[in-house]
Amino acid sequence: MKSNYKIKLLQNSIGKYSYAIFILLLFFISCDQEKGYELELPSHFPTPNIPADNSLTINRINLGKKLFFDPMLSKDTTVSCASCHFPTQAFSDTLPLSRGIHRNLGKRNAPSLLNVAFVPQLFRDGGVPNLEIQVISPLENPNEMGFKLRDAAERLSENDLYQKMSKSAYQREFSPYVLVRALAAYQRTLIGGNSRYDLFQFQNQKDQLSEGEQRGRQLFFNQKTNCSSCHEGVLFTNFAFENNGLHETYKDVGRAGVTMKQLDKFKFRVPSLRNVELTAPYMHDGSFANLEAVIEHYNQGGKQHLQQNPLIRPLYLTEREKADLVAFLKSLTHQN
Ligand code: HEC
Ligand code: HEC
């Protein structure tokens, strides 16, 4: 009788507490949604800078992803970020120069956004300091989306789903503040570091590269070509601004447009070569259609422009060496 009573008491108290436990569980589940999102970084990659006021959460990333693919961001609702940054091309464009609303032609080739989180100064001239500020540029550029940030935010704030997503991501109504941060958050998750080269170099899987690719790798990291003097390190770029002798005369002043320095004229950011197989056409103006043409350019030692970096000089490569270099570059493609 007595023990029965005890059991009853126990059951009662569980009953009493179960409500509290349920509330606690709910609390943890909702916390879980707001919990910081851990970027999946390959162990040999650096850690990206993430601004304190835009830490990553699932809700922010999901909102940014929806915005990235939404043509409602452009004035005439025909162009989204993905219209020039194709997911299948490592988020680059297939056209030499991108076309925006009314098929207006831009002045540069759209670069890949894979691993954009690591780029210290954005754009080929390094003119934009971070991904949040960057958003304003394609939005307001008349040759891209041609829409004021304020107007785009106002249009989207009329959408109930965006309002709902905005409140759960940033605890506030949809606004320019939310628009730029969510897009930046999404882009920071575009990371690719699982190429065959990565498996070969960092996971010791020596069968990942063919003999030709391994010969190409040796050429690439060798003073015979100097490629890795500029395309260095794990991201295959030192992020410097250089002239690689692309043209005899340039239409675009490049870095000098930002710094106003004579010395920076016709210099462009050294691009990462990760996923370069997918990012044709090449260079700031898309002037080379394929990697064979790029290698031929370097083999000839560039066009001998006055600003050309002296590391670019005739290489006297054999046909086999050229093919090996191309093969190596194609081993840098991220695999899912
Ligand atoms: C009409 C084509 C077009 C559209 C639309 C477009 N972009 Fe771009 N994007 C470009 C071009 C071209 C560049 C290179 C500009 C330069 O370097 O001067 C670029 C550069 C960038 C960069 C810098 C990358 C780097 O490595 O420096 C980021 C980030 C970016 N775009 C994100 C976006 C986002 C986000 C959107 C949507 C809000 C967007 N783009 C819409 C064409 C486009
Ligand atoms: C002096 C520094 C320097 C050296 C050395 C160098 N590059 Fe480059 N590379 C650049 C710059 C700068 C660009 C971008 C130029 C532009 O945008 O017009 C570039 C662009 C490229 C591109 C085009 C990438 C894209 O997405 O458009 C490829 C491919 C490339 N280089 C491969 C190589 C190879 C292979 C070698 C060695 C044979 C090499 N580079 C040597 C500075 C260099």
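Residues numbered from 1 in each chain as written. Chains lettered and ligands numbered in written order. Predicted model: local features only at pLDDT ≥ 70, side-chain atom pairs only at ≥ 80, totals over all residues. Heavy atoms only, no water.

Undergrad: Requested: an account of the coordination of the iron atom of ligand 2, with residues and values cited.
TA: At the metal site, the iron atom of ligand 2 is ligated by His-231 (NE2) and Tyr-298 (OH), and these contacts range over 2.0 to 2.1 Å. If you look at the iron atom of ligand 2, its 6 donor atoms make angles of 83 to 179 degrees with each other, and the shape they trace is octahedral. Linking His-231 in the loop between helix H10 (227-230) and strand S1 (241-242) with Tyr-298 in helix H12 (residues 291-299), this pair joins segments that are 67 residues apart in sequence. (Donors = N, O, S within 2.8 Å, 3.2 Å for Na, K, Ca; no water. Tetrahedral: all angles 85-135°; square planar, octahedral: opposite > 155°, others 65-115°. Helix = DSSP H or I, 4+ residues; strand = E, 2+ residues; numbered from the N terminus.)

Undergrad: Please provide a residue-by-residue account of unusual backbone geometry, values included.
TA: A cis geometry characterises the amide bond from Ala-280 onward to Pro-281, with omega recorded as -10 degrees. Residue placement: Pro-281 occurs in the loop between strand S2 (268-269) and H12. Its identity is not glycine, yet Arg-103 carries a phi of approximately 55 degrees, on the positive side. Looking at where Arg-103 falls in the secondary structure, it is placed in the loop between helix H2 (58-68) and helix H3 (131-134). Here the phi dihedral of Asn-226 falls at roughly 65 degrees; this positive angle occurs in a residue that is not glycine. In this fold, Asn-226 is placed in the loop between helix H9 (211-220) and H10.

Undergrad: Kindly report on the coordination of the iron atom of ligand 1, identifying the contributing residues and their values.
TA: Donation to the iron atom of ligand 1 from the protein comes from one atom only, His-85 (NE2), at 2.1 Å. Tracing the backbone shows His-85 in the loop between H2 and H3.

Undergrad: Any details on the pattern of salt bridges? Residues and values, ideally.
TA: Overall, the coordinates contain 14 salt bridges when judged by the stated rule. A salt bridge links Asp-252 to Arg-108; its shortest N-O distance comes to 2.8 Å. Here Asp-252 is found in the loop between S1 and helix H11 (256-259), whereas its partner Arg-108 is found in the loop between H2 and H3, with 144 residues between them in sequence. Each member of the pair, Asp-252 as well as Arg-108, is classed as buried. (Salt bridge = Lys/Arg side-chain N within 4 Å of Asp/Glu carboxyl O. Buried < 20%, exposed > 50% of the residue type's maximum accessible area, 1.4 Å probe, protein only.)

Undergrad: Explain the site of ligand 2 to me, and be specific about the residues and the numbers.
TA: Near ligand 2 lie 25 residues; those nearest to it are Cys-227, Cys-230, His-231, His-284 and Tyr-298. Between ligand 2 and His-231 there is a distance of 2.9 Å, counted from a nitrogen atom to a side-chain nitrogen or oxygen. Here Tyr-298 contributes a side-chain N or O atom positioned 2.6 Å from a nitrogen atom of ligand 2. When contributions to the shell around ligand 2 are tallied by element, the ones reaching two or more residues are H10, S2 and H12. (Near = heavy atom within 4 Å. Polar contact = N/O pair within 3.5 Å; in protein donor to acceptor, adjacent residues only side chain to side chain.)

Undergrad: Describe the site of ligand 1, with residues and values.
TA: As a structural note, the neighbourhood of ligand 1 is formed by 23 residues, with Cys-81, Cys-84, His-85, Phe-123 and Arg-269 the closest of them. Contacts to ligand 1 include Phe-123, whose backbone N or O atom sits 2.6 Å from an oxygen atom. One nitrogen or oxygen atom from the side chain of Gln-134 is found 3.3 Å from a nitrogen atom belonging to ligand 1. Among the residues forming the shell around ligand 1, the class breakdown is 11 nonpolar, 7 polar and 5 charged. (Nonpolar A, V, L, I, M, F, W, Y, C, P; charged D, E, K, R; others polar.)

Undergrad: Describe the packing of aromatic side chains, naming the residues involved and giving the relevant values.
TA: Under the definition given, this model contains 19 aromatic pairs. Look at Phe-45 and Phe-118: their rings are 5.6 Å apart centre to centre, the planes differ by 80 degrees, and that puts the pair in the edge-to-face class. Note that Phe-45 is positioned in the loop between helix H1 (2-34) and H2 and Phe-118 in the loop between H2 and H3, a separation of 73 residues in sequence. No difference in accessibility class separates Phe-45 from Phe-118, as the two residues are buried. Ring geometry for Tyr-170 versus Tyr-177: centroids 6.3 Å apart, planes at 90 degrees, classification edge-to-face. Here the aromatic residues Tyr-197, Phe-202, Phe-220, Phe-221, Phe-236 and Phe-328 are joined through ring pairs into a cluster of three or more. Here the guanidinium or amino end of Lys-66 rests over the ring plane of Tyr-162, the centre of that ring lying 5.0 Å away. Arg-181 extends its terminal NZ or CZ atom over the ring of Tyr-177, reaching a point 3.6 Å from the ring centre. (Phe/Tyr/Trp six-rings, centres within 6.5 Å; stacked < 30°, edge-to-face > 60°. Lys NZ or Arg CZ within 6 Å of the ring centre and 35° of its normal.)

Undergrad: Can you lay out the environment of Gln-262 for me, pointing to particular residues and giving the numbers?
TA: On the secondary structure map, Gln-262 appears in the loop between H11 and S2. Residues Gln-262 and Gln-307 lie 45 residues apart in sequence; the distance between their C-alpha atoms is 10.0 Å.

Undergrad: Tell me about the environment of Gly-302, and name the residues and values.
TA: Tracing the backbone through its elements, the reader meets Gly-302 in the loop between H12 and helix H13 (319-330). C-alpha of Gly-302 to C-alpha of His-247: the two residues are 55 residues apart in sequence and 7.7 Å apart in space. With near-sequence residues (within four places) excluded, Gly-302 lies in contact with Asn-244, Gly-245, His-297, Gln-308 and Ile-312. (Contact = heavy atoms within 4.5 Å.)

Undergrad: Let's hear about the side chain of Asp-264: which residues, and what values?
TA: Tracing the chain through its elements places Asp-264 in the loop between H11 and S2. Buried charge without a salt bridge: Asp-264, with Arg-255 as the nearest opposite-charge side chain at an N-O distance of 4.7 Å. Apart from residues lying up to four places away in sequence, Asp-264 is in contact with Val-253, Arg-255, Ala-256, Thr-259 and Gln-307. (Lys, Arg positive; Asp, Glu negative; His and termini not counted.)

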